[in-house]
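Topology and contacts: notes
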Amino acid sequence: MNDQHLRQQLVNALTKRQAHQLFETVIDGFPLAHYNTKPPNTPYSFWQLLEHMRITQADILVYIVNPKYQYPEFPADYWPPADAQAGQAEWQRAIDRFLADRSALVEIIQDPARDLTAQIPHGQAGHTILREILVIAAHNAYHTGEFGILRAALGLW
């Protein structure tokens, strides 16, 4: 397989609207009054879902690049506290950090000196950059879609 083609497909999986909604679309113009709204039968608010996406993506980025990586406790460390609330500053900070970390992942993907299929030296057996990018792309797509569906269900478009 053409290495450049694979790299572009991975970038697209993180940044383009393909078979899933685009992160930027589902958060665009989201009403401040509903950052902390918990949709019916949902244990977390829109902000908590956004923050979960940010935390998880940041964790995978750190896992890829930090030889001293320490595994967070799952699931507790991947979600903000159940009673956490956000204002406009926290909301924007979560978006900005999510986008910055996603950009850092794109840079890793596009670096031809990185072997995407090589074992991450400090990682578990079978864990490669390719695997980690596929994991976070799927995770982001899943929760972006969830965010969009919950937003639609509450009439927040």
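Reference entry: report on the structure contained in this document.

1. Quick notes on the side chain of Glu132
Tracing the backbone shows Glu132 in helix α5 (residues 129–153). Those residues within four positions of Glu132 in sequence are excluded, and the remaining contacts are Ile60, Tyr63, Ile64, Ile120 and His127.

2. Details of empty space enclosed by the protein
Applying the stated rule across the entire model yields one cavity of 30 Å³ or more. Approximately 70 Å³ is the volume found for the largest cavity. Considering every element that reaches the lining of the largest cavity, the biggest residue donor is α5, with four residues.

3. Regarding the packing of aromatic side chains
Counted by the stated rule, this structure contains 13 aromatic pairs. When the centroid spacing of 5.2 Å and the interplanar angle of 20 degrees are considered together, the rings of Phe30 and Trp91 count as stacked. Of this pair, Phe30 sits in the loop between α2 (23–27) and α3 (46–65) while Trp91 is found in helix α4 (residues 88–110), placing the two residues 61 residues apart along the sequence. Taking relative accessible area as the criterion, Phe30 reaches 6% and is therefore assigned buried. Trp91 gets classed as buried once you look at its relative accessible area, which sits at 3%.

4. Some details on the layout of surface pockets
The volume enclosed by the largest pocket comes to roughly 220 Å³. The wall of the largest pocket is formed by 14 residues, among which Asp59, Ile60, Tyr69, Tyr78 and Glu132 lie closest to the centre. Every element with two or more residues in the lining of the largest pocket is listed here: α3 and α5. When residues in the lining of the largest pocket are grouped by element, the largest group, four residues, is from α3.

Conventions and cut-offs
- Residues numbered from 1 in each chain as written.
- Predicted model: local features only at pLDDT ≥ 70, side-chain atom pairs only at ≥ 80, totals over all residues.
- Heavy atoms only, no water.
- Helix = DSSP H or I, 4+ residues; strand = E, 2+ residues; numbered from the N terminus.
- Contact = heavy atoms within 4.5 Å.
- 1 Å grid on protein atoms, 1.4 Å probe; cavity = no way out; pocket = protein on both sides within 12 Å on 5 of 7 lines; lining within 4 Å.
- Points joined across faces, edges and corners; volume = space filled by probe spheres on them.
- Phe/Tyr/Trp six-rings, centres within 6.5 Å; stacked < 30°, edge-to-face > 60°.
- Buried < 20%, exposed > 50% of the residue type's maximum accessible area, 1.4 Å probe, protein only.

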